[in-house]
Amino acid sequence: MLYLAQVRKNDFLDQHQLRLLARQEADNLWAIIPEEAFILLGKGKIMSENLLVLVELSPTGDIERIEDATNWVLHLVESYLTIGITPEFLQHEAERAEHWRQSLTLQNQDLARRSLELEARREQIQALEENLKREKNGYSQEES
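This is a predicted model, so every value here is computed, not measured.

**Side note on the overall build of the chain**
Consideration 1: Helix and strand counts for the chain come out as 2 helices and 5 strands.
Consideration 2: When the helices and strands of the chain are placed in sequence order, the string is β-β-β-β-β-α-α.
Consideration 3: The C-alpha atoms of the chain give a radius of gyration of 34 Å, which is well past the 15 Å a tight globule of 144 residues would have.
Consideration 4: Each of the three principal axes of the chain carries a C-alpha extent, and together these read 115 × 35 × 25 Å.
Consideration 5: Per-residue burial over the chain gives 18% buried out of 144 residues.
Consideration 6: Entry remark: accessible area of the chain is about 11,400 Å², with carbon and sulfur atoms responsible for 54%.
Consideration 7: For the chain, the distance from the average site of its 16 positive side-chain charges to the average site of its 26 negative ones is 3 Å.

**A word on the pairing of strand S1 (residues 2–10)**
Consideration 1: Of all 9 residues in S1, 7 are buried, a share of seventy percent or more.
Consideration 2: Pairing analysis gives 5 bridges linking S1 to strand S4 (residues 52–57), with the strands arranged antiparallel. In the sheet register, Ala5 faces S4, and the bridge partner there is Val53.
Consideration 3: Two strands pair when backbone bridges link them, and S1 and strand S2 (residues 15–26) are joined in this way by 8 bridges, in the antiparallel orientation. Among the inter-strand pairings, Val7 is bridged to a residue of S2, identified as Leu18.

**With respect to a nonpolar patch on the surface**
Consideration 1: Taken together, the side chains of Leu52, Val73, Val77, Tyr80 and Leu81 present a nonpolar region at the surface, about 370 Å² in accessible area.
Consideration 2: Summarising the element assignment, Leu81 is placed in helix H1 (residues 70–81).

**Observations regarding the sheet that holds strand S5 (residues 63–68)**
Hydrogen bonding along the main chain pairs the strands of a sheet, whether they run parallel or antiparallel.
Consideration 1: If you trace the 5 strands from one edge of the open sheet to the other, you get S3-S2-S1-S4-S5, paired in antiparallel fashion. The strands lining the two open edges of the sheet, one partner per strand, are strand S3 (29–40) and S5. If you compare each strand with its neighbour and ignore which way they point, the axes differ by 30° on average.

**A look at unusual backbone geometry**
Consideration 1: One non-glycine residue with positive phi stands out, namely Asp14, at about 55°.
Consideration 2: We note that Asn50 has phi near 75°; this positive angle belongs to a residue other than glycine.
Consideration 3: Tracing the chain through its elements places Asn50 in the loop between S3 and S4.

**Points about the confidence of the model for the chain**
Consideration 1: For the chain, per-residue confidence averages 88 on the pLDDT scale, and residues scoring 70 or more make up 96% of the total.
Consideration 2: Summarising per-element confidence for the chain, the mean pLDDT is lowest in H1 (87) and highest in S4 (93).

**Things to note about the environment of Gln91**
Consideration 1: Residue position: Gln91 is located in helix H2 (residues 87–143).
Consideration 2: Here the alpha-carbon distance between Gln91 and Ala127, two residues 36 residues apart in the chain, equals 54 Å.

Cut-offs and rules
- Residues numbered from 1 in each chain as written.
- Predicted model: local features only at pLDDT ≥ 70, side-chain atom pairs only at ≥ 80, totals over all residues.
- Heavy atoms only, no water.
- Helix = DSSP H or I, 4+ residues; strand = E, 2+ residues; numbered from the N terminus.
- Rg over C-alpha atoms; globule rule 2.2 N^0.38 Å.
- Buried < 20%, exposed > 50% of the residue type's maximum accessible area, 1.4 Å probe, protein only.
- Areas by Shrake-Rupley, 256 points an atom, 1.4 Å probe, with all protein chains shown as cover.
- Lys, Arg positive; Asp, Glu negative; His and termini not counted.
- Charge placed at Lys NZ, Arg CZ, Asp CG, Glu CD.
- Pairing = 2+ DSSP bridges.
- Patch = residues over 30% accessible without salt bridge, like charges linked within 9 Å, V, L, I, M, F, W, Y side chains within 5 Å.
- Salt bridge = Lys/Arg side-chain N within 4 Å of Asp/Glu carboxyl O.
- Axes fitted to C-alpha atoms, helices over the stretch in contact; angles between N-to-C directions.
- pLDDT = per-residue confidence, 0-100.

Right, here's the structure in full:
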């Protein structure tokens, strides 16, 4: 699993560790890790303190890969922040989509109601046509 982490110095153990900040849930979905979670890098692994990194962990929690997160962060800035996509913008768009969905639902219900009304009227017209045919046949037989 992929995580965004920050390099920290553990003074007590005199080695560097990674503080896990967020984890990738899906391609474009990340979850913040609210509690403090750390992974020791081990003695001899020295990295710049406060450096942001992407770290891939195995299912057992072992570090499989670490890379500097600079390019990843720049990609996020380029993709979302240079065109003004803010949390408020996304919230507004989500609200617009919900209003649109509700409007479509109401329109669909209205169309279904009209369809039922038309079907009922069609059945009434057919019943009237049948009655007229019977009456016409009745008059025809009386005349003969």
